[in-house]
Amino acid sequence: MLPLSLLPLSGRDRSRNGRRTHNNYYEDRQWDFGCKDKFIQRTGCFLSHYVNNFDQDFTFECPLHYVITGMHSFHNNFFEDRRWQFYCSKSKCEVNSTNCQWTPYMNWFDETFHWNVPDNHVLVGAGSYHHNYYEDRRWRYKYCEQKSCYQGSVYSHS
């Protein structure tokens, strides 16, 4: 399978309308993402190191005041798994780090799942583990409240 790259877009957060479908023939998951408007600074963007080796669990969180705006991975046919990296971008709005939560695991192995970041929140973390029998991953996400912010002469609440 080809590498997966969902690059950050200026002022957009890729945390909306995510759909993930597992294909048993290819033993890989197809990803479909959408974006929602957020006040994200493009200048504060970086790509994390690889957060896992093949067949390994991971829990990743962007640093304080950063949100996940993209991801990159590559697939290995021997392991039937992917290694993951995440793009983190600085938020122009304050991210309330005291009002965050992890979702439960959002999928069972080999199933399609769909999850949206709740309104007025931003995606800040992801966690996953791989199962060799199913050759698939289960996923969970961390999201935080995004507070009102000042944008030029306008106050905005996402």
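Note that the structure is predicted; figures quoted are calculated from it, not measured.

1. Focus on the pattern of salt bridges
- Here the structure, examined in full by the defined rule, presents 3 salt bridges.
- Measuring nitrogen to oxygen at the nearest pair gives 2.7 Å for the salt bridge that ties Lys 142 to Glu 61. Linking Lys 142 in strand β11 (residues 136-146) with Glu 61 in strand β5 (residues 58-61), this pair joins segments that are 81 residues apart in sequence.
- Classification of Lys 142 by relative accessible area gives buried; the value is 16%.
- A salt bridge links Glu 94 to Lys 147; its shortest N-O distance comes to 3.6 Å. A residue pair is termed long-range when its members are at least 10 positions apart, and Glu 94 in the loop between β7 (81-91) and β8 (95-102) and Lys 147 in the loop between β11 and β12 (149-151) qualify at 53 residues.
- For Glu 94, a relative accessible area of 43% translates into the label partly exposed.

2. Quick word on the state of the cysteines
- If you walk through the whole model with that rule in mind, you get 2 disulfides.
- Between the sulfur atoms of Cys 62 and its disulfide mate Cys 88 the distance is 2.0 Å. Disulfide Cys 62-Cys 88: the torsion about the S-S bond is -85°, which places it as left-handed. Highlighted residues: Cys 62 in the loop between β5 and β6 (66-76) and Cys 88 in strand β7, separated in sequence by 26 residues.

3. Describing the environment of Asn 120
- Tracing the chain through its elements places Asn 120 in the loop between β9 (113-115) and β10 (121-131).
- Sequence-wise, Asn 120 and Gln 146 are 26 residues apart; in three dimensions their C-alpha atoms are separated by 5.6 Å.

4. Topic: the nonpolar core
- Counting 18 residues, the largest nonpolar core has Phe 58, Phe 60, Trp 84, Phe 86, Trp 139 and Tyr 141 as its most contacted members.
- Listing elements by their share of this core, those giving two or more residues are β5, β6, β7, β9, β10 and β11.
- Discounting chain neighbours no more than four positions away, the residues touching Phe 58 are Val 51, Asn 52, Trp 84, Phe 86, Ala 126, Gly 127, Ser 128, Arg 137 and Trp 139.
- Residues Val 67, Val 122, Val 124 and Cys 144 belong to the second largest nonpolar core, which totals 5 residues.

5. A look at the sheet that holds β10
- With antiparallel pairing, 4 strands are arranged side by side in an open sheet as β5-β10-β11-β8. In this open sheet, the two strands that pair with only one neighbour each are β5 and β8. The sheet shows a mean angle of 20° between the axes of neighbouring strands, taken without regard to direction.
- Bridge count for β8 against β11 is 5 bridges, and the pairing is antiparallel. Residue pairing across strands places Val 95 opposite Gln 146, the latter belonging to β11.

6. Description of the confidence of the model for the protein
- Per-residue confidence for the protein gives a mean pLDDT of 79; residues scoring 70 or more make up 66%.
- Ranking the elements of the protein by mean pLDDT puts strand β13 (residues 154-156) last, at 48, and β5 first, at 98.
- Residue range residues 8-17 is modelled with pLDDT below 50. Its contacts to residues more than four positions away, or to other chains, number 49 contacts.

7. Thoughts on the side chain of Asn 107
- Looking at where Asn 107 falls in the secondary structure, it is placed in the loop between β8 and β9.
- Among the polar contacts made by the side chain of Asn 107, one reaches the main-chain carbonyl oxygen of Arg 137 at a distance of 2.9 Å.

8. Considerations on the packing of aromatic side chains
- For the coordinates displayed, the defined rule picks out 16 aromatic pairs.
- Their ring planes at 85° and their centres at 5.1 Å tell us that Tyr 105 and Tyr 129 sit as a pair that is edge-to-face. Placement of Tyr 105 in the loop between β8 and β9 and of Tyr 129 in strand β10 is noted, with a sequence separation of 24 residues between them.
- Taking the relative accessible area as the measure of exposure, Tyr 105 reaches 33% and is therefore partly exposed.
- Considering the side-chain rings of Phe 109 and Tyr 129, the 5.7 Å spacing of their centres and the 85° angle between planes classify their relative orientation as edge-to-face. On the criterion of sequence distance, the pair formed by Phe 109 in the loop between β8 and β9 and Tyr 129 in strand β10 is long-range, its members being 20 residues apart.
- By relative accessible area, which is 15% here, Phe 109 ends up buried.
- Judged by its relative accessible area of 22%, Tyr 129 falls in the partly exposed class.

Rules behind the numbers
Residues numbered from 1 in each chain as written. Predicted model: local features only at pLDDT ≥ 70, side-chain atom pairs only at ≥ 80, totals over all residues. Heavy atoms only, no water. Salt bridge = Lys/Arg side-chain N within 4 Å of Asp/Glu carboxyl O. Helix = DSSP H or I, 4+ residues; strand = E, 2+ residues; numbered from the N terminus. Buried < 20%, exposed > 50% of the residue type's maximum accessible area, 1.4 Å probe, protein only. Disulfide = S-S within 2.5 Å. Core = buried A, V, L, I, M, F, W, Y, C linked by side-chain atoms within 4.5 Å. Contact = heavy atoms within 4.5 Å. Pairing = 2+ DSSP bridges. Axes fitted to C-alpha atoms, helices over the stretch in contact; angles between N-to-C directions. pLDDT = per-residue confidence, 0-100. Polar contact = N/O pair within 3.5 Å; in protein donor to acceptor, adjacent residues only side chain to side chain. Phe/Tyr/Trp six-rings, centres within 6.5 Å; stacked < 30°, edge-to-face > 60°.

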